Amino acid sequence: MEKIKHDLRLSETISPFGVGSIVDIRNESLLAPDTSWWDKRFAQEVSCDRLMARLGAGVLKQPPTHAGRVGKDTPTLLYWRFPAWRFCERCDKLSKLTGKKKGKWSNECECGGLLVPMRYVAICEKGSHLQDINWFQWAHRGREASLDEGVRFCRDYKALRFEKLSNLGEGLAALVVTCHGCGNSRSLAELVTKGALYRDGMRCAGRQPWEPEGSVKKPCQHQLIAVQRGATGNYIAERISALDIPEERPQSVEATDKIRGHVYFEKVVADNGGPQAEIVAGWIADELGVTTEQVLVVAAGNETSADEILLDLKDGEWAAFAKKLDGGRDRTGSDFVVDGRSLESVAGPQSLLSKIDGIGQVRRVREVRALRGFRRHDADAALVNADLGPDQWRRPTFPAIELFGEGIFLRFDESQLAKWESELEVQARAGILKNRRNNTEWGSRLDVPEPRYVALHTLSHLIIRRLAFASGYASASLQERIYANSDRADKTAGILIYTAAGDAQGTLGGLVRLGDPEKLVPLLVSALDDADFCSNDPVCIESDRQGASQLNLSACHGCSLISETSCESGNRLLDRQLVLGGSDVPGLLDGVLPEIRQLVPQPMNGTDFA
């Protein structure tokens, strides 16, 4: 087969055209095999210790890249032709054969027409397996095959045609596969019915198209279903990313070390919860600036271990951001540069300023994104690893890319947040999402929707939508990272909005400029004002069942949703009411807009003031 020369963006090799995905290139349908098919000599290793600590054993490799024109010796990625069944756009012949042109294999039929891949493929319901539909077998099954032996025993493999009947409209009933040998034909409308492939005797092969038949150790018990080749559900990538920042120790871990190192700590442990232990714990607490309860918890051995805290990538990131915010202007020359800014001298609504504890202008940040694996058809289907080769258990290779960018970090006041989320109406509103997450099979892969997470996540979306107008970046190029967890020893409450890319976007400086408190506070007010009214209101604001798996409350495309690639939860766990209030539910920032509107004169006769 002649090589197809085509360029992909480096970021596209992770998603949406990563390992296991179907790529349409120049009338060809190609499939990306796992990393065991890569030529590792041309795949540069990417270093990120924090990410590898999460993934475990293995190595991060960047797909081969090039600059300028593609030459004969340019390093490339191998792609597998899929589906193998194609039909001629001129004579309608349907087969797995490949034409020849001047002695070379080509994508043309013998009649000179272009070969077009069939639009339907077979996917396993729960095993994430993919395979071709045997169109010859399918064309000779069905009702006619049970009545006519000539159809059932036909072996005229060259007589198969894929035709469109103009007198049957534009639906699947007008698309038929016909065998001109026996005369039998079936429309694609029969293909998409429930259990159609199973009734026609087709079983799951238990593997990916590029894997050899000998790789299957046990048969797959799940049924096949026919899906369109380009359906988005055919490939659900599981990515993981980490910011390359200094791994700071959370404050709770440092406090634990100080408590254990105190000269009187052994006396607390020896008394084992007695009256003397409480007295001595009070001495230690006064000297170290901690609470007596913290000392007693450490002495009892019930504190959260450092390993458990650092297990989550976000914990180390939160500690690093907190240290940067307290340090003021950052003059380091590393890959993680953040200027800490306060709101003490900034004019604005107090109902907003009192909630924000600090702002970070992220001038430089390095992000490493890796593809762990993928699923097909169902978010609860089996995960297929990115490396299916002989080293998949000992030293797997994960596709990864490194990106540089900038961003804005917001830290919210913990006391204000804790007071708000303790209200019963707030807890009840967030409890709706908690119950639905718990009742969803794959819900454990989402963050726990406690009130602070839902509010900050929704606010992040509102800010991103507003930044798309003011920053110079498209909303799809902005990413979010939500730090909202009250179960940790170090409670987190913050938002990071950043852009990171391997090309020009990522170095424009638009986010850093808007991270100045004098510019950011008006932008936050504008974002809240935009969300105060949705084009789908009152249906949207009164709703508690929206989005995928009904995991959104008052949030839709008219007010809160952004590009799914920008959201860390796939546009789920959102609710405007927990931000702006409504239906007797107090919002985290429900007092901001009324305060602003009391200070600003209202327009007259529908016209704005200049």
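What counts, and at which threshold
Residues numbered from 1 in each chain as written. Predicted model: local features only at pLDDT ≥ 70, side-chain atom pairs only at ≥ 80, totals over all residues. Heavy atoms only, no water. Helix = DSSP H or I, 4+ residues; strand = E, 2+ residues; numbered from the N terminus. Contact = heavy atoms within 4.5 Å. Areas by Shrake-Rupley, 256 points an atom, 1.4 Å probe, with all protein chains shown as cover. Phe/Tyr/Trp six-rings, centres within 6.5 Å; stacked < 30°, edge-to-face > 60°. Buried < 20%, exposed > 50% of the residue type's maximum accessible area, 1.4 Å probe, protein only. Polar contact = N/O pair within 3.5 Å; in protein donor to acceptor, adjacent residues only side chain to side chain. Pairing = 2+ DSSP bridges. Salt bridge = Lys/Arg side-chain N within 4 Å of Asp/Glu carboxyl O. Axes fitted to C-alpha atoms, helices over the stretch in contact; angles between N-to-C directions. Parallel < 35°, antiparallel > 145°, perpendicular 65-115°, else oblique. Nonpolar A, V, L, I, M, F, W, Y, C, P; charged D, E, K, R; others polar. Disulfide = S-S within 2.5 Å. pLDDT = per-residue confidence, 0-100.

1. Here we look at the overall build of the protein chain
And then number 1: The secondary structure content of the protein chain amounts to 19 helices and 23 strands.
And then number 2: Restricting the contact set of the protein chain to residue pairs at least 6 apart, pairs at least 24 apart contribute 68%.
And then number 3: Here the protein chain displays about 30300 Å² of accessible surface, and carbon together with sulfur accounts for 48% of that area.

2. Re the packing of aromatic side chains
And then number 1: Per the counting criterion, the structure on display carries 11 aromatic pairs.
And then number 2: Ring geometry for Phe87 and Phe162: centres 4.8 Å apart, planes at 55 degrees, overall tilted. With Phe87 in strand S6 (residues 86-88) and Phe162 in strand S13 (residues 160-164), this residue pair connects regions lying 75 residues apart in the sequence.
And then number 3: On the accessibility criterion, Phe87 (14% relative accessible area) is buried.

3. Points about the environment of Gln546
And then number 1: Within the fold, Gln546 resides in the loop between helix H17 (517-532) and helix H18 (577-580).
And then number 2: Given the relative accessible area of 17%, Gln546 is considered buried.
And then number 3: Distance from Gln546 to Arg572, taken between C-alpha atoms, is 9.2 Å for residues 26 residues apart in sequence.
And then number 4: In this structure Gln546 touches Cys540, Leu551, Asn552, Leu553, Ser554, Ala555 and Cys556, once residues within four positions along its chain are discounted.
And then number 5: At a separation of 2.8 Å, a polar atom in the side chain of Gln546 contacts the main-chain carbonyl oxygen of Leu553.
And then number 6: A distance of 3.4 Å separates the side chain of Gln546 from the backbone oxygen of Ala555, its partner in a polar contact.

4. Points about the pairing of strand S21 (residues 397-412)
And then number 1: Summarising burial for S21: 14 of the 16 residues are buried, a large majority.
And then number 2: The pairing of strand S4 (residues 59-62) with S21 spans 3 bridges and is parallel. Bridged to Leu60 within S21 is Phe398.
And then number 3: As paired elements, strand S19 (residues 356-375) and S21 share 12 bridges and run antiparallel to each other. Pairing of Ile359 across the sheet is with Leu410, part of S21.

5. Side note on the side chain of His461
And then number 1: When you line up the elements, His461 lands in helix H15 (residues 451-470).
And then number 2: For His461, the contacting residues outside a window of four places in its chain are Glu480, Ser560, Leu561, Ile562, Cys567, Asn571 and Leu574.

6. Re the pattern of salt bridges
And then number 1: Scanning all chains against the criterion turns up 27 salt bridges.
And then number 2: With a closest N to O distance of 3.2 Å, Asp200 and Arg186 form a salt bridge. Here Asp200, found in the loop between helix H5 (196-199) and strand S16 (224-228), pairs with Arg186, found in strand S15 (residues 185-187); they are 14 residues apart in sequence, far enough to count as distant.
And then number 3: Look at Arg186 and you get buried, because its relative accessible area is 6%.
And then number 4: Between Arg576 and Asp537 there is a salt bridge, with its nearest N and O atoms 2.8 Å apart. Residue Arg576 is found in the loop between H17 and H18, and its partner Asp537 is found in the loop between H17 and H18; the two are separated by 39 residues along the sequence.
And then number 5: Residue class for Arg576 comes out buried when judged on its relative accessible area of 1%.
And then number 6: Each of Lys126, Asp378 and Glu441 takes part in one network of salt bridges that share partners.

7. Some words on the packing of H17 against helix H19 (residues 592-599)
And then number 1: As a packed pair, H17 and H19 sit with axes 10 Å apart at the nearest point and diverge in direction by 105 degrees. Classed by the angle they form, the pair H17 and H19 counts as roughly perpendicular. Residue-level inspection shows Val525, Leu528, Asp529 and Asp532 of H17 in contact with H19, the latter providing Val592, Leu593, Ile596 and Arg597.
And then number 2: Each residue belonging to the contact of H17 with H19 can be placed in one class, and the counts come to 5 nonpolar, no polar and 3 charged.

8. Things to note about the sheet that holds S13
And then number 1: On the basis of which strands lie adjacent, the open sheet formed by 3 strands has the order S13-S14-S15 and antiparallel pairing. Here the strands that pair on one side only, and so sit at the sheet edges, are S13 and S15. Within this sheet the neighbouring strands show an average axis-to-axis angle of 20 degrees, counted without direction.
And then number 2: One ladder, built from 5 bridges, connects S13 with strand S14 (residues 175-179); its direction is antiparallel. The residue of S14 that forms the bridge with Glu163 is Val176.

9. Observations regarding unusual backbone geometry
And then number 1: The omega torsion across Phe82 and Pro83 is -5 degrees, close enough to zero to call that bond cis.
And then number 2: Mapped onto the secondary structure, Pro83 falls in the loop between strand S5 (80-81) and S6.
And then number 3: In this structure, Pro538 follows Asp537 across a cis peptide bond, with omega equal to 5 degrees.
And then number 4: Backbone geometry places Asp92, a non-glycine residue, at a positive phi of 70 degrees.
And then number 5: Residue position: Asp92 is located in the loop between S6 and strand S7 (94-95).
And then number 6: The phi angle at Gln550 is positive, at roughly 55 degrees, despite the residue not being glycine.
And then number 7: Within the secondary structure, Gln550 is located in the loop between H17 and H18.
And then number 8: Classification of Gln550 as partly exposed rests on a relative accessible area of 35%.

10. Notes on the state of the cysteines
And then number 1: Here the structure, examined in full by the defined rule, presents 0 disulfides.
And then number 2: The structure places no disulfide on Cys88, whose sulfur is separated from the nearest cysteine sulfur, that of Cys111, by 3.4 Å.
And then number 3: We classify Cys88 as buried; its relative accessible area is 0%.

11. Points about the confidence of the model for the protein chain
And then number 1: Looking at the protein chain, the pLDDT average stands at 84 and 88% of residues meet or exceed 70.
And then number 2: Within the protein chain, helix H10 (residues 306-311) has the poorest average pLDDT of any element, 34, and H18 the best, 95.
And then number 3: In this model, residues 302-311 is a region of pLDDT below 50 whose contacts with residues beyond four sequence positions or in other chains number 17 contacts.
And then number 4: Predicted confidence is poor over residues 604-610, with pLDDT under 50, and the contacts of this stretch with residues over four places away or in other chains come to 5 contacts.

12. Let's talk about the sheet that holds S5
Hydrogen bonds between backbone atoms are what pair the strands of a sheet, whose relative direction is either parallel or antiparallel.
And then number 1: One open sheet accounts for 3 strands, arranged S1-S2-S5; its pairing is antiparallel. In this open sheet, the two strands that pair with only one neighbour each are strand S1 (22-25) and S5.

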